[in-house]
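The lines below spell out each chain.
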Amino acid sequence: MNAVIIGASDRSILWKEGKIKEEDYSQFISDYANLLSKHFDNLIVTPDDGIYSDIALEFGKIKNKKPIGYYPDKDANFGIKHIEQNFSKYDLRPIDGDWYKLGADLTKQAPIVICVGFTPGSLIEIAYLKYHQKYGAYKDPALKNIHLFIDKRSIGQKLPPSFHEQINNIFYFSSFSDLEKLIKSAKAKLS
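Residues numbered from 1 in each chain as written. Predicted model: local features only at pLDDT ≥ 70, side-chain atom pairs only at ≥ 80, totals over all residues. Heavy atoms only, no water.

Q: Please provide a residue-by-residue account of a nonpolar patch on the surface, values included.
A: Together, Ile124, Tyr128, Tyr131, Tyr135 and Tyr138 make up an exposed nonpolar region whose accessible area comes to about 570 Å². For tyrosine 135, the position within the fold is in helix 5 (residues 120-139). Residue class for tyrosine 135 comes out partly exposed when judged on its relative accessible area of 42%. (Patch = residues over 30% accessible without salt bridge, like charges linked within 9 Å, V, L, I, M, F, W, Y side chains within 5 Å. Areas by Shrake-Rupley, 256 points an atom, 1.4 Å probe, with all protein chains shown as cover. Salt bridge = Lys/Arg side-chain N within 4 Å of Asp/Glu carboxyl O. Helix = DSSP H or I, 4+ residues; strand = E, 2+ residues; numbered from the N terminus. Buried < 20%, exposed > 50% of the residue type's maximum accessible area, 1.4 Å probe, protein only.)

This is the structure in structure tokens:
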């Protein structure tokens, strides 16, 4: 089983809005990668720079494989020049579209999505879970059960109530042991 990792590109979000200290960042990434490597075959991210990519690349070192990187192969608006330098680090997968399609489709690429930081981009990706679960499930029933795990240590506040009303399986955690329990529970349900 794979997992999608989303979150902040700006690493300082963790110490500005979250509870992670800047000097603890490397250990935070290492602990994430070690835990996730015990439970997942691979991690899926956008091949950009950020918290999510740091976790995925560290995970790749542990697993001795490149993490999966979905990219907007047909974007004509914003381009991909700013991420091309990262392509060699990933098992690249074209999304068959632009940045808009990537924002919409990334969170349906695995049954578990882990969020490390709220930004406009990660909130777009989270918001699309509503549509995957509600409408995408007509075509692919597995989408109805996507689980979202949000690291409370990486955010300043929880999602608005409407997200909880319209998206199923949103869970918050405050420690790696809590995350591990959530992963085990979700994997048991999804198997």
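Q: Lay out helix 2 (residues 25-39) with the relevant residues and their values.
A: With 15 residues, helix 2 ought to run about 21 Å at 1.5 Å a step, and its terminal C-alpha atoms sit 22 Å apart, in line with that. For helix 2, the full list of buried residues reads Tyr25, Phe28, Ile29, Tyr32, Ala33, Leu35, Leu36, Ser37 and His39. (Expected span 1.5 Å × (residues − 1).)

Q: Go over the sheet that holds strand 2 (residues 42-45) with me, naming the residues and quoting the values.
A: Ordered by their spatial adjacency, 7 strands build an open sheet running 4-3-2-1-5-6-7, and the pairing between neighbours is parallel. This sheet does not close on itself; its edge strands, each paired only once, are strand 4 (91-94) and strand 7 (170-173). Averaged over neighbouring strand pairs, the angle between their axes works out to 25° when direction is ignored. In this sheet, strand 2 lies alongside strand 1 (residues 2-7) in parallel orientation, the contact comprising 3 bridges. Directly across from asparagine 2, in strand 2, lies its bridge partner asparagine 42. (Pairing = 2+ DSSP bridges. Axes fitted to C-alpha atoms, helices over the stretch in contact; angles between N-to-C directions.)

Q: So what's going on with the pattern of salt bridges? Residues and values would help.
A: Per the counting criterion, the structure on display carries 8 salt bridges. The closest approach of N and O atoms between glutamate 84 and lysine 81, which form a salt bridge, is 3.8 Å. According to the relative accessible area criterion, glutamate 84 is partly exposed, its value standing at 35%.

Q: Requested: an account of unusual backbone geometry, with residues and values cited.
A: Despite not being glycine, asparagine 64 has its phi angle at roughly 60°, a positive value. On the secondary structure map, asparagine 64 appears in the loop between helix 3 (51-63) and strand 3 (68-71). A positive phi angle, close to 65°, is found at asparagine 169, a residue other than glycine. Structurally, asparagine 169 is set in the loop between helix 6 (161-166) and strand 7.

Q: Give me the nonpolar core: which residues, what numbers.
A: One finds Tyr32, Leu36, Phe40, Leu43, Ile114, Phe149 and Leu179 to be the most contacted residues of the largest nonpolar core, which totals 32 residues. Secondary-structure elements contributing two or more residues to this core are strand 1, helix 1 (13-16), helix 2, strand 2, helix 3, strand 5 (112-116) and helix 7 (176-190). When residues in this core are grouped by element, the largest group, 7 residues, is from helix 2. Counting residues in hydrophobic clusters, the runner-up holds 29 residues, among them Ile44, Ile150, Ile155 and Leu159. (Core = buried A, V, L, I, M, F, W, Y, C linked by side-chain atoms within 4.5 Å.)

Q: Can you break down the environment of threonine 119 residue by residue, with the values?
A: Inspection of the secondary structure assignment puts threonine 119 in the loop between strand 5 and helix 5. Judged by relative accessible area, which is 17%, threonine 119 ranks as buried. Sequence separation between threonine 119 and tyrosine 25 is 94 residues; the distance between their C-alpha atoms is 18 Å. Those residues in contact with threonine 119 that lie beyond four places of it in its chain are Gly7 and Ala8. (Contact = heavy atoms within 4.5 Å.)

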